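Geometric and topological summary
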Amino acid sequence: MSGDLDTQYPDAQSSPGLALWRASSAWQKRIRTALAPHDLTHVQYVLLASLTWMDRAEPVTQRDLARHAELDVMMTSQVLRTLEAKGHIRREPHPQDGRAVALQPTPRGIELANIATHDVESADTAYFAALTPAQRTSLLAGLQRLASHPQNPIGNPA
């Protein structure tokens, strides 16, 4: 133990939370760099890519999109306004619910989502190349388990 910090870990390198923080910060920096040429923040990208990915045979509402992306509904609303102002999505009257709007990516938004996805996936590939395929599989399984554990709810107040 160093200094006055009362911790169970003998050193900072032994803390799984700190390791996750550092790895996540490094990964997020790569993603921000990949998205910068597209004038998209990470959250804007997630919502645009999610909307482009989702089956839109039935109208997609803001609440549907927030749930799919596991984001807060109010934050989703704010980000959607920005995406709409940039011409990447459209809000249209919902055909069955007068209080809701249906979301659609514009053709320009679909094109951007696909180009940005290529760059994001390239950044992922480069970042995770430090791991063997078996380590990547194990990491993914561990992260999915942590995210789905009942004591670790993501907590989308939708």
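The structure reproduced in this document is the subject of the present report. This structure is a prediction, so every number in the text was calculated from the model and none was measured.

This brings us to the overall build of the protein chain. Scanning the protein chain from terminus to terminus reveals six helices and two strands. Ordered by position from N to C terminus, the α and β elements of the protein chain give α-α-α-α-β-β-α-α. Each of the three principal axes of the protein chain carries a C-alpha extent, and together these read 60 × 30 × 30 Å. Scored against the burial criterion, the 158 residues of the protein chain give a buried share of 26%. Accessible surface computed for the protein chain: about 10,500 Å², of which carbon and sulfur atoms make up 56%.

To continue, consider helix α1 (residues 16-35). Taking 1.5 Å of rise per residue, 20 residues should cover 28 Å, and α1 covers 28 Å from first to last C-alpha, within 8% of that figure. Considered for burial, the residues of α1 that qualify are I31, A34 and L35. End-on view of α1: buried residues confined to an arc of 85°, all on one side of the axis. The exposed residues of α1 that point more than 90 degrees off its buried face are W21, K29 and T33. Taken together, the buried residues of α1 touch α2 (42-53) and α5 (107-128).

Summed over all chains, the structure comprises one aromatic pair. The interplanar angle of 90° and the centroid separation of 5.0 Å between the aromatic rings of Y127 and F128 together place this pair among those described as edge-to-face.

Core analysis: the biggest nonpolar cluster contains 24 residues, and L35, L40, Y45, L47, L65, L83 and I89 have the highest contact counts within it. Once residues within four sequence positions are removed from consideration, L83 is found in contact with L40, Q44, L47, L48, H88 and I89.

This part takes up a nonpolar patch on the surface. Taken together, the side chains of L20, L139, L143 and L146 present a nonpolar region at the surface, about 340 Å² in accessible area. By the element assignment, L20 lies in helix α1. Residue L20 is classed as partly exposed on the basis of its relative accessible area of 48%.

Pairs of packed helices are described in terms of their axes, by the angle between the two and the distance that separates them. Across the interface, α1 lies against α5 with an axial gap of 9 Å and an inter-helix angle of 145°. In the crossing of α1 with α5, the sense of the turn from one axis to the other is right-handed. On α5, the residues touching A23, A26, W27, R30, I31, A34 and L35 of α1 are A116, D119, V120, A123, D124, A126, Y127 and F128.

At a minimum axis distance of 10 Å, the contact between α2 and helix α4 (residues 73-85) shows a crossing angle of 85°. One finds that α2 runs roughly perpendicular with respect to α4. On α4, the residues that touch V43, Q44, L47 and L48 of α2 are T76, V79, T82 and L83. Of the residues belonging to the contact of α2 with α4, the class tally is five nonpolar, three polar and no charged.

Positive phi is not limited to glycine here, since D39 has a value of about 55°. As for its position among the elements, D39 is in the loop between α1 and α2. Among the residues examined, D39 registers a relative accessible area of 52% and is labelled exposed. One non-glycine residue, E70, lies in positive phi territory at about 55°. By secondary structure assignment, the location of E70 is in the loop between α3 (62-69) and α4. Classification of E70 by relative accessible area gives partly exposed; the value is 44%.

Cut-offs and rules
What you see as residue numbers is a count from 1 along each chain, following the sequence as written. A pLDDT threshold of at least 70 governs which residues receive local features in this predicted model, and a stricter bar of 80 or more applies before side-chain atom pairs are shown or counted, although totals over entire chains, interfaces and linings include all residues. The basis for the side-chain values is all heavy atoms of the structure; hydrogens and waters are excluded. In DSSP terms, a helix is any run of H or I states spanning at least four residues, a strand is any run of E spanning at least two, and both are numbered starting from the N terminus. In this scheme, a residue with accessible area under 20% of its type's maximum is buried, one over 50% is exposed, and one in between is partly exposed, where area comes from a 1.4 Å probe on protein chains only. The method behind every accessible area is Shrake-Rupley, applied with a 1.4 Å probe, and residues are considered shielded solely by the protein chains displayed. Helix span, expected: 1.5 Å multiplied by one less than the number of residues in the helix. Comment: arc refers to directions from the helix axis out to C-beta atoms. Here, residues are in contact when the closest pair of their heavy atoms is within 4.5 Å. Any Phe, Tyr or Trp ring, taking Trp's six-membered ring, that has another such ring centre within 6.5 Å forms a pair; planes under 30 degrees apart are called stacked, those over 60 apart edge-to-face, and the others tilted. Definition of nonpolar core: a set of buried residues of the types Ala, Val, Leu, Ile, Met, Phe, Trp, Tyr and Cys, connected through side-chain atoms within 4.5 Å. Patch members must show over 30% relative accessible area and no salt bridge, and they are joined within 9 Å when carrying like charges or within 5 Å when they are nonpolar side chains of Val, Leu, Ile, Met, Phe, Trp or Tyr. When a carboxyl oxygen of Asp or Glu is within 4 Å of a side-chain nitrogen of Lys or Arg, the pair counts as a salt bridge. A fitted line through C-alpha atoms serves as each axis, taken over the contacting stretch for helices, and the angle formed by two N-to-C directions is quoted from 0 to 180°. Left-handed describes a crossing in which the near helix is turned anticlockwise from the far one by less than a right angle; the clockwise case is right-handed. When an angle is under 35 degrees it counts as roughly parallel; over 145 it counts as roughly antiparallel; between 65 and 115 it counts as roughly perpendicular; any other value is oblique. Side-chain classes are defined by residue name, with Ala, Val, Leu, Ile, Met, Phe, Trp, Tyr, Cys and Pro counting as nonpolar, Asp, Glu, Lys and Arg as charged, and the others, Gly among them, as polar.

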